[in-house]
Amino acid sequence: MNRLPRGRHGLSPEYVAQNQRERLIAGLTEVLYEVGYQKTTVSLIGRRAAVSKSDFYKHFQSKDECFYAAYDSAIERIRERVGSACSRHGDDAWPPRVRDALSSLLTALAADPPLATISLVEGLRAGPGVYDRYQAALESFVGCLREGAPPAPDGAEVPRATDEAIVGGIASLLGRRVLAGEAAELAQLVPQVIEFALTPYLGTEEARRIVSGG
Amino acid sequence: MMDAMAELTAERGYGATKIADVVARAGVARKTLYDNFAGKEELFLAAFEAAATEAREAVKAACAEAGEGEARVEAGLAALLGFLAAHPSQARMCMVEALSASAVTSARYEAMLHEFVELLRGSAPPALGRPPTLAETLAGGVAWILQQRIRNDEAEAVGALFPELSGFVLSPYRGIGKPGC
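Residues numbered from 1 in each chain as written. Chains lettered and ligands numbered in written order. Predicted model: local features only at pLDDT ≥ 70, side-chain atom pairs only at ≥ 80, totals over all residues. Heavy atoms only, no water.

A. Main features of unusual backbone geometry. Despite not being glycine, Ala50(A) shows a phi value in the positive range, around 55°. Positionally, Ala50(A) belongs in the loop between helix 2 (42-49) and helix 3 (53-59). A relative accessible area of 29% places Ala50(A) in the partly exposed class. In this structure, Asp153(B) takes a positive phi of about 60° despite not being glycine. (Helix = DSSP H or I, 4+ residues; strand = E, 2+ residues; numbered from the N terminus. Buried < 20%, exposed > 50% of the residue type's maximum accessible area, 1.4 Å probe, protein only.)

B. Representation of helix 10 (residues 204-211) of chain A within the structure. Residues and elements named next belong to chain A. If you check which residues of helix 10 are buried, you get Thr204, Ala207 and Ile210. Summarising the axial view, the buried residues of helix 10 lie within an arc of 125°, below the 170-degree limit, and thus occupy one face. Packed against the buried residues of helix 10 are helix 5 (94-111) and helix 9 (190-202). Positioned one or two residues after helix 10, Gly213 has a phi angle of 100°, which is positive. (Arc of directions from axis to C-beta. Contact = heavy atoms within 4.5 Å.)

C. Spotlight on the packing of helix 1 (residues 13-35) of chain A against helix 4 (residues 63-86) of chain A. All names here are of chain A. Where helix 1 contacts helix 4, the two axes come as close as 9 Å, and the packing angle between them is 90°. Our classification of the angle between helix 1 and helix 4 gives roughly perpendicular. Where helix 1 abuts helix 4, its residues Arg21, Leu24, Ile25, Leu28, Thr29 and Leu32 lie against Lys63, Cys66, Phe67, Ala69, Ala70 and Ser73. In terms of residue class, the contact of helix 1 with helix 4 is made up of 8 nonpolar, 2 polar and 2 charged. (Axes fitted to C-alpha atoms, helices over the stretch in contact; angles between N-to-C directions. Parallel < 35°, antiparallel > 145°, perpendicular 65-115°, else oblique. Nonpolar A, V, L, I, M, F, W, Y, C, P; charged D, E, K, R; others polar.)

D. The nonpolar core, seen in detail. Of all hydrophobic cores here, the largest spans 130 residues; its most connected members are Phe67(A), Leu109(A) and Leu146(B). Discounting residues that sit within four places of it in the chain, Leu109(A) has contacts with Ile78(A), Leu115(A), Ala116(A), Ser119(A), Leu120(A), Leu174(A) and Leu186(A). (Core = buried A, V, L, I, M, F, W, Y, C linked by side-chain atoms within 4.5 Å.)

E. The arrangement of the interface of chain A and chain B in detail. Residue-level contacts link 38 residues of chain A with 36 residues of chain B. In this assembly, chain A packs against chain B so that about 3100 Å² is buried in total across both faces, 58% of it on carbon and sulfur atoms. The interface formed by chain A and chain B includes 5 salt bridges. Taking the shortest distance from any N to any O, the salt bridge between Glu136(B) and Arg176(A) comes out at 3.0 Å. Applying the counting criterion to the chain A and chain B interface returns 10 residue pairs in polar contact (both at pLDDT 80 or more). (Buried area = accessible area lost by both parts, 1.4 Å probe. Salt bridge = Lys/Arg side-chain N within 4 Å of Asp/Glu carboxyl O. Polar contact = N/O pair within 3.5 Å; in protein donor to acceptor, adjacent residues only side chain to side chain.)

F. Expanded view of the packing of aromatic side chains. A full pass over the atoms with the stated rule returns 9 aromatic pairs over all chains. Look at Tyr131(A) and Trp144(B): their rings are 6.0 Å apart centre to centre, the planes differ by 50°, and that puts the pair in the tilted class. Placement of the pair is Tyr131(A) in helix 7 (residues 128-146) and Trp144(B) in helix 8 (residues 134-151), with the two residues belonging to separate chains. The same class applies to Tyr131(A) and to Trp144(B), which are both buried. When the centroid spacing of 5.3 Å and the interplanar angle of 85° are considered together, the rings of Tyr134(A) and Trp144(B) count as edge-to-face. (Phe/Tyr/Trp six-rings, centres within 6.5 Å; stacked < 30°, edge-to-face > 60°.)

Next up, the structure:
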């Protein structure tokens with residue numbers, strides 16, 4: 001997020017405000033990645049974003065409110081990436097759709113460790129307001145996974161808790177890797193994660209065929 | 001004092017729990033608490049440790065009794081669900097509050113989850129050719145399901161999740177080409 005030119009610049013107040021807000025959100029996301037939620041302060045965010053403390057409070061009432069906005073923005077960015085991978089496939093192509101969605105998810109997170117940290121690590125740790133958002137995000141991914149999913153190989157409907165556990169389990173695995181400082185290596189997990197997600201629906205053999213590009 | 005800590009954090013959250021409340025609930029003098037614990041975080045960690053150890057030992061004992069293979073994993077899972085249902089305050093303290101209480105407590109939560117990952121890895125049927133991260137992902141999935149129920153104050157009812165959770169955990173270990181679920 002670029003700083004605005006100093007002095008008279010002829011930019012509209014709305015533009016300046018929007019730019020400041022986006023810088024604060026980006027600033028919080030970076031600071032959070034570096035020092036964690038508890039040590040992230042309004043002054044650190046302001047300094048990183050080059051926005052004064054008084055301007056900070058024009059946009060957000062508290063660190064938490066800025067945090068929620070940053071969280072929503074992070075999830076939105078992830079959803080856009082995953083959504084565009086999904087939309088390359090028709091409704092009948094469930095296995096490749098899930099494969100490409102997971103692959104684009106992990107690639108996006110690996111390319112942006114601060115994004116991976118706020119979305120996966122802090123969602124469970126920053127208290128109830130963020131937890132609700134984390135849960136809603138996971139729920140929406142459960143919906144994506146469910147949509148068009150085939151029954152299990154034995155013909156039975158895959159139980160709802162299985163979808164939830166698949167999504168929650170993948171999020172937990174990725175979160176643990178990010179916490180261990182391995183966010184940049186997440187893309188290496190793509191084949192394992194795809195096999196994990198597809199196996200309950202397709203059986204191991206078919207899941208592996210899809211992993212290897214079938 | 002540790003029971004009082006577990007109950008109060010479960011009822012109000014860690015942030016809103018004051019040492020004065022713990023002392024009153026436990027019926028001990030303030031001095032007694034500080035003779036034993038440096039402060040709130042240390043007391044929380046001690047209570048967490050006691051509950052996590054009890055849960056782990058219950059799971060280990062159940063696994064050891066059950067023998068090998070799928071029965072072993074099922075016995076361990078049933079013991080875990082049984083512990084959580086019988087100790088809803090401890091369940092909430094360990095599975096929900098520990099994550100957000102402080103950086104130290106959330107690190108302790110991760111360590112606890114890791115112990116369960118290792119238990120699953122050690123108890124599960126041979127996982128030849130399965131992804132190396134399998135046990136970790138499965139344990140994380142189970143934890144996520146449990147966390148949501150516990151957060152909704154449904155810890156007592158987690159036993160009902162046994163059929164779905166055991167199917168989820170065991171399906172990836174079943175033979176290649178066989179039905180996955």
